[in-house]
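# Geometric and topological summary
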Amino acid sequence: MSGRITAIDVVTDDPKIMYVGAASGGVWKSENGGSAWKPVFDNQPTQNIGALAIQQSNSNVIWVGTGEGNPVNSMNLGMGIFKSEDGGIRWKHMGLEATKTIHRIIIDPNDPNTIYVGAMGDPFSANPNRGLYKTVDGGAHWEKILFTNEKSGVADMVMDPRNPRKLFVALYEHERTPYYFTSGGEGSGLFVSEDAGKNWKKLGADEGLPAGNLGRIGLAIAPSNPNRMYAKIEAKKNAIYRSDDAGVHWELINDTPKFANNRPFYFQDLAVDTEDANRVYNIYQPLSVSYDGAVTFDTIPMIPADETKGIHADFHAFWVNPKDAKHFIIGGDGGLGITHDHGKSWYFPETIPVAQFYHVGVDNDRPYNVYGGMQDNGNWSGPAYTWKRGGIRTLYWQYLVGGDGFDISPDLDNSRFGYGSSQNGNLYRYDKLTGYYVNIQPPAPDLKTELRFNWNAGFARDPFNPDAAYYGSQFVHYTLDKGATWKVISPDLSTNNPEYQKGDYGGLTLDISGAERYSSILTIAPSQLDEKLIWAGTDDGQVQLTTDGGETWTNLTSNVTDMPEEGWIAQIQASTYKKGTAWMVVNNYRKGDYAPYLFKTDDFGKTWQRMVNGNTVRGYALTVIQDSIEPNLVFLGTEHGLWISADEGQTWAQFKNGFPSVSTMDLKIQETESALIVGTFGRAIWVLDDLLSLREIAGNRLKEGLTALPMNDAVQVKGLFINPPGNIWIGFHTTFEGENKVFQKTEIPFYLSEVPKEGDIIKADIFDHEGNNINSVETKNLKVGLNYLLWKLDKKSSSLPGSWTDDFSRDIPVLPGDYTIVLNYGTVSDTTKVKVIPDPRFDLDKAVDRQLYDYRKAADELVKQISEQLTSIDEKQKKVDKLLKQVSDASGKSNTSLQRKINRMKTDLKTLKAKGQTPRPDRQVGAWQSFETSAHSKIKEVLQIAAARTTEPSKQHWEALERATQLVSDFSSAVDDFMKTKWQDFALEIKKSDLDWEME
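Parameters at a glance
- Residues numbered from 1 in each chain as written.
- Predicted model: local features only at pLDDT ≥ 70, side-chain atom pairs only at ≥ 80, totals over all residues.
- Heavy atoms only, no water.
- Pairing = 2+ DSSP bridges.
- Helix = DSSP H or I, 4+ residues; strand = E, 2+ residues; numbered from the N terminus.
- 1 Å grid on protein atoms, 1.4 Å probe; cavity = no way out; pocket = protein on both sides within 12 Å on 5 of 7 lines; lining within 4 Å.
- Points joined across faces, edges and corners; volume = space filled by probe spheres on them.
- Nonpolar A, V, L, I, M, F, W, Y, C, P; charged D, E, K, R; others polar.
- Buried < 20%, exposed > 50% of the residue type's maximum accessible area, 1.4 Å probe, protein only.
- Contact = heavy atoms within 4.5 Å.
- Core = buried A, V, L, I, M, F, W, Y, C linked by side-chain atoms within 4.5 Å.
- UniProt positions renumbered as here; feature names shortened; annotations may be inferred.
- Axes fitted to C-alpha atoms, helices over the stretch in contact; angles between N-to-C directions.

Strand order across the open sheet formed by 4 strands is β37-β38-β39-β40, with antiparallel pairing between neighbours. Strands with a single pairing partner mark the edges of an open sheet, and in this sheet they are β37 (459-461) and β40 (487-488). Sheet analysis places strand β38 (residues 469-472) next to strand β39 (residues 476-479), joined by 4 bridges and oriented antiparallel. Paired with Tyr-470 across the bridge in β39 is Tyr-478.

What follows is the structure in structure tokens.
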């Protein structure tokens, strides 16, 4: 699962170094040919990318233009152009912020200070901030050198590879509103300059191009023969044109609708093979190839639109290796595809997580699952965390419902089933187990009524009835039987303005996909406090409320004094604290207003207070959620990130902590585990899994110095080496692995109000319900603010000498129950508690866990006993070795009798130790395993029995423990006897000699 890729460039001299830009997911870099990727733009104020270009004479210089240049309804606007001079480590904003979308960048190969920037401009707002811009001083100053009108921007441009002063630029007139899109007009056209942009000539019918108004044009020039050019032109008759004289004359070469007329506003790009001027790539929904100069295209696309080759269709970016034409890269709505054999095989890099989620959902399973509806990628579910090694991998995710994915809502009483939705009002019930789903879209109430469902129609569950749900067209529809039947419970809640419902508003190519369906309900918010109270908001700015379950509705729009007229009411959240309180998110960027709007009412909508403005948050508002436990804690998602308030919306701060300034579309709270689920439109799904700590901070419950914070329940997960699904040997950095929550351990949160001093330590003492101190953990890794300390949910135990340990090793797993944790910091201490709960995957009687615990404790007593004996022998052996060294170092003195006695003792100690633990051979060893029975080996056998059992210890298991006990007892007796006799006699004799018995 990836997302829309809009720009690709590669270092020509080292094609292992690649950069890609995502429509709303930032810039990503690979240094190994596309196997591994890392984000390099995350610290910048926007993640919406339209273009990028590498300065090939110095590949550390990267230019990035922000704002997507494909004017689809779901596009994301930008903030100008940025430059890096160190391969993406640091960036500098270089201006052109008002352009909003930059679609093309060309660097003069002979003068890197000369850069051409093609700005498409804001499709929602006619203004002069678009056209072709040029700098001759590396971006310090910009000059607009080509412009036709306030609706026309640069759709494409190419430079003659033989002559950088010769440029072809396609301008494109278009207009988008919330309810229509028109393509083409007088401002469109193909322009050529032969003097670096000082003068321009518009090409037309005299040069062989179509007469009349034009629309979007895609351009391509053949690197192997720059006289050969191609243009995909939207006109009265859409077609592909070709020139064989460097653009002086053109001829229509292909007007087959299948190849020349596929949503030209969105798919209008061409590319030419770097070695063969007749090989043309048609980059649209599929990838089609021509081998005869675009006269014909392959009947079976190289990449079909049905994803049968494993690469998502709907393409927008393309790069061909200038030194190896078999190597090319394509980018589209589902990520990247890389080929090295001219499309015979493709590699999909899954480590670029730039999925665009409209909505997210969550269930109550443990571990709980998150759900999301993705742009052009359907509805999905996957774990928020796992109890397996290897992170959260793509293999864990399941595709549930097709289409553009929107609202998705699992049944909380059985997460196998739920609702999923897609465009044009399609609503489904799905079954995760079988993969089956069925359409339950509400029907029109009669034959005369045409339902208007928004592209992203409003949906909500009834909080009082698990079988009931609401769905929005221009009406609110309600089902009591999970979609089997529906009833309309509202009048038309929109403006129902016929001017917004024409369908055909002109333009060259009609594009009615449902994306511009207007005067419809975007959000439905039933109260959790009153089953009769329901809020609704529409895309044409109508705020509606019913307090009687839909019998009557009140239009509250005029009460929202600061709301822009007919603003886009993206979301309403009914308060969980007061019936008359609601939060409402409005945006108006579709009318050129980029301000954030968040409103709150406390009196059933009679009055509203605006809670944010452009000075308090950045980016237009998209989603809001108030914490369900701490009313002061509120989160707001905007086009440029996630914002947090700790005072119920009075002040705001951007939430960073590794979270980029990405379009943040939806927020949900997982109640039982106190987690915030964040759905982004460009960087997939994030989980903030410690709301408990933020609640304490927002509730002003912090103490001076040290505060021990509340903890979620901790699951005592059973199991040993728990591997992820699929092949565990998947290489490094080639498979996506989302960061996993810790398991078989828990994080102890605490807050430090002051900067810790170097060397400061926090120690946590853990007590069981009887007050016994069962373990202690500590850390020196401290900082002011929120910190965490790990406890492995274990009771301190003895360690068997020679045992192998790693991060997953732990002592005796504690029993489920309540534990008290006392944090100590200097002279200050504070206390918190944690409930350890059993692994829900195993329905075990408490007696089973108790017997296993007792068995493990009994084994630990043996470990302690044998460890003490073996340690005692080891200490004696070290003393003997030091005595031998004294004898050896005594120059001029010979005491062979004493030396023989010491050597004999060394042999006796070795023999004694071998009775408890079989020794390794005294020679070079590659691999060695003893199969002899000893006290040590028998204890290891008992520990293996105790390690991961889910049943009571059997009779044989207890017998194994008894045998181990007997062997340890026998060994201990032997050691004790040896120490009382041989060792004491040896010690007396040594003390009579000249040797130093007490030496260190």
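Here the structure, examined in full by the defined rule, presents 3 cavities of 30 Å³ or more. In this model, the largest cavity occupies a volume close to 450 Å³. In this structure, the largest cavity is lined by 29 residues; those nearest its centre are Tyr-358, Asn-456, Trp-568, Arg-590 and Met-665. Residue assignment for the lining of the largest cavity shows that the elements contributing at least two residues are β28 (357-362), β45 (568-574) and β53 (664-670). Broken down by element, the lining of the largest cavity gets its largest block of residues, 3 residues, from β45. Looking at the lining of the largest cavity residue by residue, the class counts come to 14 nonpolar, 10 polar and 5 charged.

On to unusual backbone geometry, then. In this chain, Arg-366 is followed by Pro-367 through a cis amide linkage whose omega measures -5°. Residue placement: Pro-367 occurs in the loop between β28 and β29 (369-374). Phi is positive for Ala-196, which is not a glycine, with a value near 60°. Locating Ala-196 in the fold gives a position in the loop between β16 (189-193) and β17 (201-203). On the basis of relative accessibility, which here comes to 9%, the residue Ala-196 falls in the buried class. Unlike most non-glycine residues, Glu-566 shows phi in positive territory, near 55°. For Glu-566, a relative accessible area of 18% corresponds to the buried category.

By the criterion of burial, strand β34 (residues 417-421) is predominantly enclosed, with 4 of the 5 residues buried. Here strand β33 (residues 408-410) runs beside β34; their pairing, made up of 3 bridges, is antiparallel. Bridged to Ile-408 within β34 is Gly-420. Between β33 and β34, which pair antiparallel in sequence order, lie 6 residues.

Moving on, we come to the environment of Lys-532. With respect to the secondary-structure elements, Lys-532 resides in the loop between β41 (521-526) and β42 (534-538). Here the alpha-carbon distance between Lys-532 and Gln-886, two residues 354 residues apart in the chain, equals 93 Å. Ignoring any residue separated from it by four or fewer positions in sequence, one finds Lys-532 in contact with Thr-546, Thr-547, Asp-548 and Gly-549.

Core analysis: the largest hydrophobic core is formed by 36 residues, its most contacted members being Ile-902, Trp-983 and Phe-986. Among the elements of the structure, α3 (846-889), α4 (896-916), α5 (935-947) and α6 (955-992) are those that each provide at least two residues to this core. When residues in this core are grouped by element, the largest group, 12 residues, is from α6. Look past the residues within four positions of Trp-983 in its chain and what remains in contact with it is Lys-876, Lys-879, Val-880, Met-905, Leu-909, Phe-978 and Trp-997. One finds Leu-270, Val-280, Trp-455 and Tyr-620 within the second-largest nonpolar core, a separate group that totals 34 residues.

With that out of the way, let us pick up the UniProt feature "domain: Sortilin N-terminal" (unreviewed entry) in the protein chain. In the numbering used here, UniProt assigns the feature "domain: Sortilin N-terminal" (unreviewed entry) to residues 81-203. In this annotation, residues 81-203 is assigned 0% helix and 49% strand; the end-to-end C-alpha distance for the span is 29 Å.

Attention now goes to the sheet that holds β28. Pairing is antiparallel in the open sheet, where 4 strands are placed in the order β28-β29-β30-β32. With partners counted over all chains shown, the strands left at the sheet margins are β28 and β32 (398-401), one partner each. Between one strand and the next, the sheet's axes are offset by a mean angle of 25°, whatever the strand orientation. The sheet contact formed by β28 and β29 spans 5 bridges and is antiparallel. If you follow Val-362 over to β29, its bridge partner there is Val-370.

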